[in-house]
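Chain by chain, the residues:
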Amino acid sequence: PWAAGSGPPPLSLPVSTATAVVLEGWLNVAMVATDRGFRGRGYAEAETRHALSAAADRSGIRTTMLHAGEMGRPLYTAMGYRETARFRCCGLRGRG
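Notes on the structure follow. Fair warning: this is a prediction, and the values are worked out from it, not measured in the lab.

So, how was this worked out
Residues numbered from 1 in each chain as written. Predicted model: local features only at pLDDT ≥ 70, side-chain atom pairs only at ≥ 80, totals over all residues. Heavy atoms only, no water. Helix = DSSP H or I, 4+ residues; strand = E, 2+ residues; numbered from the N terminus. Buried < 20%, exposed > 50% of the residue type's maximum accessible area, 1.4 Å probe, protein only. Salt bridge = Lys/Arg side-chain N within 4 Å of Asp/Glu carboxyl O. Phe/Tyr/Trp six-rings, centres within 6.5 Å; stacked < 30°, edge-to-face > 60°.

1. Looking at unusual backbone geometry
At Glu 24, a residue that is not glycine, the phi angle is positive and equals roughly 55°. Along the chain, the position of Glu 24 falls in the loop between β1 (16-23) and β2 (26-34). Overall, the relative accessible area of 75% leaves Glu 24 in the exposed class.

Below is the structure:
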């Protein structure tokens, strides 16, 4: 079996993902995640750029947006995104 830190992962092992969906005339970047053992290697940026490119090719939309947490903020800033608003997130824990 393969273990993180033992070299590049096998081609069949997913280590990162990103999605871009059309939302009210924008391409919305969502669900960007990279396995902890593979962060800092450019996977998230590559996946994000690929998702945006594929969605733009299919939809014709070139305007993009995303909601970034603190972990993703440096990546998105380096990709050219800038902060345009701040918002509060709320959650509700299940009862029982």
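The structure having been displayed, the exposition proceeds.
2. Side note on the pattern of salt bridges
Tallied over the full model, the rule gives four salt bridges. Across the pair Arg 49 and Glu 45 runs a salt bridge, and its minimum N-O distance is 2.8 Å. With Arg 49 and Glu 45 both in helix α1 (residues 43-59) and four residues apart, this pair spans about one turn of that helix. Here Arg 49 falls in the partly exposed class, since its relative accessible area comes to 42%. The salt bridge partner of Glu 83 is Arg 73, with a shortest N-O separation of 2.8 Å. Taken together, the residues span a long stretch of sequence, with Glu 83 in the segment after α2 (73-78) and Arg 73 in helix α2 at a distance of 10 residues. The class for Glu 83 is partly exposed, based on a relative accessible area of 42%. Bridged by salt links that share partners, the residues Glu 70, Arg 73, Glu 83 and Arg 86 form one connected network.

3. Quick word on the packing of aromatic side chains
Summed over the entire model, instances satisfying the criterion amount to two aromatic pairs. Judged by centre distance (6.2 Å) and plane angle (75°), the ring pair of Phe 38 and Tyr 43 falls under edge-to-face. Taking the relative accessible area as the measure of exposure, Phe 38 reaches 2% and is therefore buried. Judged by centre distance (6.2 Å) and plane angle (85°), the ring pair of Tyr 76 and Tyr 81 falls under edge-to-face. Residue classification places Tyr 76 among the buried residues on the basis of a relative accessible area of 8%. We classify Tyr 81 as buried; its relative accessible area is 19%.

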